[in-house]
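The lines below spell out each chain.
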Amino acid sequence: MNGTPISLYPFVRITTLCILGGCLHKVYALPVLFSHAALVVGATSSICLEYFFSPRTIQHQIQRSLYTSLLLLMMGWCTFSARTTDHVNPPQYGNSVLILQDQGKKSGKSMRFIAKRMIINNRLMQEGERIFLYTTSNPILYKKGDVLVTLEQPLSINAFHHPGEFDFNAFARKQNIAFTLYARSEQLVHFPIEQSILENFLLAANRWTRRVIQKWISHPANRPLAEAMLIGYRDELDQQQLNAYTQTGVVHIIAISGMHLALIFLLLDRAVQLVVYGRKKALLSLIIVVPFLWLFALLTGASASVLRSVVMFTLIGIGNALHRKNLTINVLFASAFLLLVNDPKRLEDLGFQLSYAAVLSILLFQKPIEQLLALKHPGAKMIWSLVAVTLSAQILTTPIVLYHFNRFPTLFLIANMVAVPLSSCILILEIVLCAVSWVPWVAGTIGTVTSDLISFLNYFVTVLSRVPFASIPLLPSSMATLCGWFLLITAIHYFLKQPSPHSSTVILVSLLIQGALRTMDHYRIHQKKELGIFYIRGSTAIYHRHGTSATLNISPDTIVHKWSQRYIQTAGPTLGIVHWNQKELSTDPLLIQFVSRDAESGNRFVISGWPTALPPHPLLHFLHKNDAVVLDGTVPVWKISQWKSALQPLDLRLHFTAQKGPLIMDCTPFHDALPKP
């Protein structure tokens, strides 16, 4: 095939510019009507440019290339603006008719469903908003598409969260959800809706597969992992075990991923080749293998990595059936383009990012790494090939992992060398187990072997996770640093393709840029000084931070102590805090005064543990106009109105954490009243 690399890989440019357009959408979202009009104009311009204007000189080719790139960038920007919206309808009141849009997930002791709300008001049915429905009902009772009727009204999702904690409001907003509805089973009237044949088949297949695993996997502790690896059911996974897989860098083998789908594709494709020879085998593979992969993807929930793989294998199957040469990188970017056009918000999905980064990294770096050692022994060559795949997959995924989790799994190579082939064997055995489950003695033997392999895998990962340096915490990095990593990786790839003094200079410059960006990250973290009054219901929590050290002043309460331990473990790496101190506050009612050096900013007075029977503190009458009163979690919500009434004549500022969330501010003006962390 002749042509320049850019002409061989058209979807690389199209998808890259589409993603850059999505980044522009994050900076400024275009109006929806303008976006639709611009898409029509852009598509028309592209067709006219392609078929009616042929470049005659190199200058014309460059101008056309630049114009096409700009046009693709604008089309990506308009596509993201037209297909995404942050507008959420305000809640409407009336009887709620809920249409379930998913199968539900466990959330603590409840089940959480995504539902479309319809409002019955004055005998009229109006379309409402998407909501999260929480209920304690049996999850088997409700199915996707069922209708529920309730008198309960939705509540807004709290927009606040403590620094470093999971922002559930942002998570919900990405799905255009801003409200939750809580209802017990007796508050819901259930109307089962007959589902389509495909949906009934997938639901029945999912339940049948789980029953087979529960029957033949002998050890109860191994069943959750077996279910997660085969059909993506993760609700029963042990959290400690999941953390061990995360710390060792092999958590990807738990979820259904492209690796699993590629293994299934290869097995089915080889089976087809054994039956059919010649040119018809590619067409037969498209007819048999590809539909089976789509069924498997739907059965497992169609995660980002699975969708990427199934779309990619579909395009490969179509190319083979048409006897066209498949350029894997072009097919990879084409699948990304199709998925992003269908749902642009997939770009924000971490699974989507890691899945494509891993495959692209393998395609770019596996062969150069393999060529570093010329081995002749088949066994050594196979081991080195596995090492090359593992190392190459980490090259593009590591910067993303560092950016999101601020941890680096040092033992990922050892862990993946054992876990990847072992998980592949487990997956194959599970497929065989489902195929022979009607033969008791064969199914029993395979189930026992599968359970033993899972036990060994769990033991191996747990032992590795207990190594002190298994996971190294790092200070948080910025988006600029993430881009710097990719710039450095691009320079290294350029050097591997064309070793020369020029490419060596590019690597050196990229290293200097990345070093400067990382130094700025460290400086930014060490210069950070914060004072925060958190909201913990019925308790007090005051957060004081200097750089990488922080102090939590908390109530002497068992519940808040457990919360503080969880907070330190989860928020510490996200915030870049390495050293923590904990101090207990008094159990008596407190009026904590933070005196400000700046008269204009005013002082802060934190009210903690004030008895509900007593009126607001009389000392508040001596406060100045610029001072502020902060009510923490020890002040009940119904008491806030009384404080408002008392402070209104004084024209004082009031911050109540129960409704406004935590108060985070610069601690520098209050250092006279604060011990250093």
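Going by the structure above, here's the rest.
This is a predicted model, so every value here is computed, not measured.

(A) Main features of the overall build of the chain. When its secondary structure is counted, the chain shows 21 helices and 19 strands. Relative to its 677 residues, the chain shows a buried fraction of 44%. Long-range pairs, those at least 24 residues apart, make up 68% of the contacts in the chain between residues at least 6 apart in sequence. Surface exposure of the chain reaches about 36,200 Å², of which carbon and sulfur atoms provide 64%.

(B) Just the sheet that holds strand β15 (residues 590-594), in detail. Read across the sheet, four strands follow the order β15-β16-β17-β18 without closing on themselves; strand pairing throughout is mixed. Looking at the sheet topology across the chains shown, the edges are occupied by β15 and β18 (653-656). Recorded for the sheet is a direction-independent mean angle of 20° between the axes of neighbouring strands. Taken strand by strand, helix α20 (residues 637-647) contacts β16 (604-608), β17 (628-631) and β18, and its axis lies near 170° from that of β18.

(C) Structural context of the sheet that holds strand β13 (residues 549-554). With mixed pairing, the five strands of this open sheet are ordered in space as β14-β13-β12-β11-β19. Of all the strands in the sheet, just β14 (579-584) and β19 (663-666) have a single pairing partner and so form its edges. The average undirected angle you get between the axes of adjacent strands in this sheet is 15°. Sheet analysis places strand β12 (residues 541-546) next to β13, joined by six bridges and oriented antiparallel. Bridged to H546 within β13 is S549. Lying over the sheet, helix α19 (residues 558-575) contacts β12, β13 and β14, oriented at roughly 155° with respect to β14.

(D) The arrangement of the packing of helix α14 (residues 378-405) against helix α15 (residues 412-435) in detail. Between α14 and α15, whose axes approach to 10 Å, the crossing angle comes to 115°. With respect to the hand of their crossing, α14 and α15 are arranged in right-handed fashion. On the side of α14, the interface is formed by I383, L386, V387, T390, L391 and Q394, while α15 contributes F412, L413, N416, M417 and P421. Here the residues of the contact of α14 with α15 are counted per class, giving eight nonpolar, three polar and no charged.

(E) Highlighting the packing of aromatic side chains. Applying the stated criterion to the full structure yields 14 aromatic pairs. For the ring pair F132 and F171, a centre distance of 6.4 Å and an interplane angle of 0° mean the geometry is stacked. Of this pair, F132 sits in strand β4 (residues 124-135) while F171 is found in helix α5 (residues 168-173), placing the two residues 39 residues apart along the sequence. Here F171 falls in the partly exposed class, since its relative accessible area comes to 30%. For the ring pair F534 and Y567, a centre distance of 5.5 Å and an interplane angle of 70° mean the geometry is edge-to-face. You can see F534 sitting in the loop between β11 (529-533) and β12 and its partner Y567 sitting in helix α19, a full 33 residues away along the chain. Judged by relative accessible area, which is 1%, Y567 ranks as buried. Joined through ring pairs, the aromatic side chains of F534, Y543, W563, Y567 and W580 make up one cluster. Above the plane of the ring of F132 lies R112, whose end atom (NZ or CZ) is 5.0 Å from the centre.

(F) Seen up close, the pattern of salt bridges. Enumeration over the complete set of coordinates arrives at four salt bridges. For R184, the salt bridge is made with E186, and the minimal N-O distance between the two is 2.7 Å. Residue classification places E186 among the exposed positions, given a relative accessible area of 57%. Where salt bridges share partners, they join R518, D521 and R524 into one cluster.

(G) A look at unusual backbone geometry. The phi angle at N406 is positive, at roughly 55°, despite the residue not being glycine. With respect to the helices, strands and loops of the structure, N406 is situated in the loop between α14 and β9 (407-409).

(H) Region of the structure containing the environment of T551. Position of T551 relative to the elements: it lies in strand β13. We classify T551 as buried; its relative accessible area is 4%. Remark: the alpha-carbon pair of T551 and Q582, spanning 31 residues in sequence, is separated by 5.7 Å.

About the criteria used
- Residues numbered from 1 in each chain as written.
- Predicted model: local features only at pLDDT ≥ 70, side-chain atom pairs only at ≥ 80, totals over all residues.
- Heavy atoms only, no water.
- Helix = DSSP H or I, 4+ residues; strand = E, 2+ residues; numbered from the N terminus.
- Buried < 20%, exposed > 50% of the residue type's maximum accessible area, 1.4 Å probe, protein only.
- Contact = heavy atoms within 4.5 Å.
- Areas by Shrake-Rupley, 256 points an atom, 1.4 Å probe, with all protein chains shown as cover.
- Pairing = 2+ DSSP bridges.
- Axes fitted to C-alpha atoms, helices over the stretch in contact; angles between N-to-C directions.
- Left-handed = near helix turned anticlockwise from the far one by under 90°.
- Nonpolar A, V, L, I, M, F, W, Y, C, P; charged D, E, K, R; others polar.
- Phe/Tyr/Trp six-rings, centres within 6.5 Å; stacked < 30°, edge-to-face > 60°.
- Lys NZ or Arg CZ within 6 Å of the ring centre and 35° of its normal.
- Salt bridge = Lys/Arg side-chain N within 4 Å of Asp/Glu carboxyl O.

These figures come from the coordinates and say nothing about function on their own.
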